[in-house]
Amino acid sequence: MTQGTLFIITAASGTGKTSLVKQLTNTTNNLAVSISHTTRPPRVGEINGQHYHFISRDEFNQMIHNAEFLESAQVFDNFYGTSQKSVEYMLNHGTDVILEIDWQGAFQVKKLMPNAVMIFILPPDKNALRERLSNRKQDSDEVINKRLAGSVREMAQYLHFDYVVINDNFDVALAEIKAIIISHRLTIDKQQQRHHNRIAQLLA
């Protein structure tokens, strides 16, 4: 069985990352998103176990104590973490996995899984970033300003990633991320795993 590839997708809040990832998984076969654990309360319309695993701070700390997280990070006033067991299970069963996480978590995962492919999504400009945050109507002006203030530090981390996609046009950005995924599925290692018998017969 072909080992899955781990794709890390990171962006500042309001860049359109979540919408891109949702459409990506809806239109790409054999691709799944790892559902993170978080201590933040659900937003309107979010479903536990579908968007996030919403847990208490005590539960989160216990999972850290048990070394259950592949990565964990504090983002603003809340904590986020990725279950190592869940990710490894999907990869070992041949599924490509997307981690939709912040740059701190991305660096943690890359140290443990150096073959992970890191993709950073940038907005076209700061005005677009503010507009997208405001249009969500999920955060107060205070929270929006706080997120914008931290966005420059977040976006500066793009230099440490393998790929950069600018989300100016949604369809173009989606196609570019798909191209990254497809290109990694066509590497020699992956194709040898996937088509071992066929290649052996061709070369016999």
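All of the points below concern the structure found in this document. (Residues numbered from 1 in each chain as written. Predicted model: local features only at pLDDT ≥ 70, side-chain atom pairs only at ≥ 80, totals over all residues. Heavy atoms only, no water.)

Attention now goes to the sheet that holds strand β7 (residues 96-100). Judged by pairing direction, the sheet is parallel, and its five strands sit side by side in the order β2-β7-β1-β8-β9 without closing on themselves. Edge positions in the sheet fall to β2 (31-33) and β9 (163-166), since each has one partner strand and no second. On average, each strand axis in the sheet is inclined to that of its neighbour by 25°, with strand direction left out of account. The pairing of strand β8 (residues 117-122) with β9 spans four bridges and is classified as parallel. (Pairing = 2+ DSSP bridges. Helix = DSSP H or I, 4+ residues; strand = E, 2+ residues; numbered from the N terminus. Axes fitted to C-alpha atoms, helices over the stretch in contact; angles between N-to-C directions.)

Across all of its chains, the model carries four salt bridges by this definition. For E100, the salt bridge identified is with K17, shortest N-O distance 3.4 Å. Placement of the pair is E100 in strand β7 and K17 in helix α1 (residues 17-27), with a sequence separation of 83 residues. For K17, a relative accessible area of 15% gives the class buried. Across the pair E46 and R40 runs a salt bridge whose closest N-O atoms are separated by 2.9 Å. (Salt bridge = Lys/Arg side-chain N within 4 Å of Asp/Glu carboxyl O. Buried < 20%, exposed > 50% of the residue type's maximum accessible area, 1.4 Å probe, protein only.)

With respect to the helices and strands, the residue Q201 is situated in helix α9 (residues 196-203). What makes Q201 exposed here is its relative accessible area of 64%. Each C-alpha atom, one on Q201 and one on I35, is 40 Å from the other, the two residues being 166 residues apart in sequence.

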